Amino acid sequence: SLTIGIVGLPNVGKSTLFNALTKNDVLAANYPFATIEPNVGVVGVPDPRLAKLAEIFGSAKILPATVDFVDIAGIVRGASEGEGLGNKFLANIRESDAICQVIRAFKDENVVHVDGRISPKSDIETINTELILADLQTIEKVLPRLAKEARVKKDVQPKVKAIEEAKEILETGQTLFAAGVVQGTEKAEPLHDLHLLTTKPFLYVFNVDEEELTDDAFKAEQRALVAPAEAIFLNAKLEADLAELDDDEALELLQSVGQEEPGLATLAHVGFNTLGLQTYLTAGPKETRAWTIKKGATAPEAAGVIHTDFQKGFIKAEVISFEDLVETGSVAEARSAGKARMEGKEYVMRDGDVVEFRFNV
Ligand code: GDP
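Residues numbered from 1 in each chain as written. Predicted model: local features only at pLDDT ≥ 70, side-chain atom pairs only at ≥ 80, totals over all residues.

A. The arrangement of the overall build of the protein chain in detail. A count of helical and extended segments in the protein chain gives 14 helices and 12 strands. For a compact globule of 361 residues, the expected C-alpha radius of gyration is about 21 Å, and the protein chain comes in at 23 Å, within 12% of that figure. By the burial criterion, 39% of the 361 residues in the protein chain qualify as buried. (Helix = DSSP H or I, 4+ residues; strand = E, 2+ residues; numbered from the N terminus. Rg over C-alpha atoms; globule rule 2.2 N^0.38 Å. Buried ≥ 20, exposed ≤ 12 C-beta atoms within 10 Å, placed from the backbone.)

Below, the structure written as structure tokens:
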């Protein structure tokens, strides 16, 4: 499955956040036989629709979609040159599908900052510089050979051109992501086999003091620093506390700091979107479940997420939108109201589709 790598300078609250993430672990509760790597936190993506469906179908349990976060230790200035855990760090990032930077904004004299001052802007620059330098190194390793090859092989020329353009962007101090050259899109396609770090989608977690959680001017300023990446504001210590509480107590604590949902819930949502994922839903007496698919997935591809045989033997999908199902109150009622659609192989799944697949075995 797709993973989000968590990176950040030392002492910014990564471990605190990661511990909160793993305490929140939905795998432990729902998939007791799953083996989990110690540096992976699997977080449920909260979806209020699931409880509604479970009520309609009398489901015994609810399985939300999940996002995997990987704790990647070791970024310091000079990581691209192999400082600290540099090389291992870069390899771990290369394996992630998105990069989540944790940025310190909280002020606490008892927690030393590696550079002796709190400055989200320069911390972001420090991390991005290491990632950009690593990409430039990768490019410098392959470009001379490819450029030579392109002189005799015309089909290599577009690739060389794309690499040269990427190099120019990186040399201005910009990540490829910020310049719109994003993994999985056409623009990044010629660069695919270079596995450049900064073509991965980025998201930012600002670890802030509680007062800043509701400080809109402050948040707008930080958002502007990282756009087009998404920014999430949370207090890592608060998140760790919330993860220990039951629902009612957690809600009370959240309200006392002016928040509607835990920062981890926001992080799960934003992470899920950043990875380019969406869900569809299945429901029955046994379970109500959100299944994860790529945005734009077709009905047979969606069926394949449940079982490869469902994809191979796909006949059609009976689809009812979540809203129609809630409005009519049951599958039978939805059918007689003409709200149940039979969709074929070409159908592109929509968020909130409640689905039953028909297939040959
Ligand atoms: P890491 O090095 O990035 O993994 O940072 P840690 O999670 O180990 O946190 C470093 C120190 O900062 C620890 O003493 C934490 O208790 C403290 N810390 C983490 N988050 C916060 C926060 O939101 N506010 C304050 N005041 N301290 C925090």
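B. Focus on the site of the ligand. Gly13, Lys14, Ser15, Thr16 and Asp108 are the nearest of the 15 residues found near the ligand. Of all elements in the fold, only helix 1 (14-23) and helix 8 (236-244) reach the threshold of two or more residues within the shell around the ligand. In terms of residue count, the dominant contributor to the shell around the ligand is helix 1 (3 residues). Of the residues in the shell around the ligand, the class split is 5 nonpolar, 7 polar and 3 charged. (Near = placed C-beta within 6 Å. Nonpolar A, V, L, I, M, F, W, Y, C, P; charged D, E, K, R; others polar.)

C. Spatial organisation of the nonpolar core. Among the nonpolar cores identified, the biggest contains 88 residues, and Ile6, Tyr204, Val205 and Ile232 are the most heavily contacted of them. Of all the elements, helix 10 (residues 263-274) adds the most residues to this core, at 6 residues. (Core = buried A, V, L, I, M, F, W, Y, C linked by C-beta atoms within 7 Å.)

D. Spatial organisation of the pairing of strand 8 (residues 277-283). Most of strand 8 is tucked away, with 6 of its 7 residues classed as buried. As defined by bridge partners, strand 8 adjoins strand 9 (residues 287-294) across 7 bridges and the pair is classed as antiparallel. In the sheet register, tyrosine 280 faces strand 9, and the bridge partner there is tryptophan 291. Count of turn residues in the strand 8/strand 9 antiparallel hairpin: 3 residues. (Pairing = 2+ DSSP bridges.)

E. Summary view of the sheet that holds strand 2 (residues 40-44). Read from one edge of the open sheet, 6 strands run 2-4-1-5-6-7, paired in mixed fashion. At either margin of the open sheet sits one strand with a lone partner, and together these are strand 2 and strand 7 (230-234). Pairs of neighbouring strands in the sheet enclose a mean axial angle of 25°, with direction left out of account. Bridging between strand 5 (residues 98-104) and strand 6 (residues 202-207) involves 6 bridges; their strand directions are parallel. Of the residues in strand 6, the one forming a bridge with isoleucine 99 is phenylalanine 202. With respect to the sheet, helix 5 (residues 120-152) is in contact with strand 1 (3-7), strand 5 and strand 6, its orientation differing from that of strand 5 by roughly 145°. (Axes fitted to C-alpha atoms, helices over the stretch in contact; angles between N-to-C directions. Contact = placed C-beta atoms within 7 Å.)

F. Quick look at the packing of helix 5 against helix 7 (residues 216-226). Where helix 5 meets helix 7, the closest approach of the two axes is 11 Å, and the angle between their N-to-C directions is 20°. Between helix 5 and helix 7, the angle falls in the class roughly parallel. You can see that helix 5 and helix 7 cross each other, and the crossing is right-handed. Contacts from Pro120, Lys121 and Ile124 of helix 5 reach helix 7 at Gln222, Leu225 and Val226. (Parallel < 35°, antiparallel > 145°, perpendicular 65-115°, else oblique. Left-handed = near helix turned anticlockwise from the far one by under 90°.)

G. Structural detail: the confidence of the model for the protein chain. Predicted confidence across the protein chain gives a mean pLDDT of 91, with 93% of residues reaching 70 or more. When pLDDT is averaged over each helix and strand of the protein chain, the minimum, 53, is found for helix 2 (residues 26-30) and the maximum, 98, for strand 6. For this predicted complex, the interface confidence comes out at an ipTM of 0.97, alongside a pTM of 0.89. (pLDDT = per-residue confidence, 0-100.)

H. Quick look at the UniProt feature "domain: TGS" (unreviewed entry) in the protein chain. Cross-referencing UniProt, the feature "domain: TGS" (unreviewed entry) maps to residues 276-359 in the present numbering. Segment residues 276-359 splits into 31% helix and 39% strand. End C-alpha atoms: 27 Å apart. (UniProt positions renumbered as here; feature names shortened; annotations may be inferred.)

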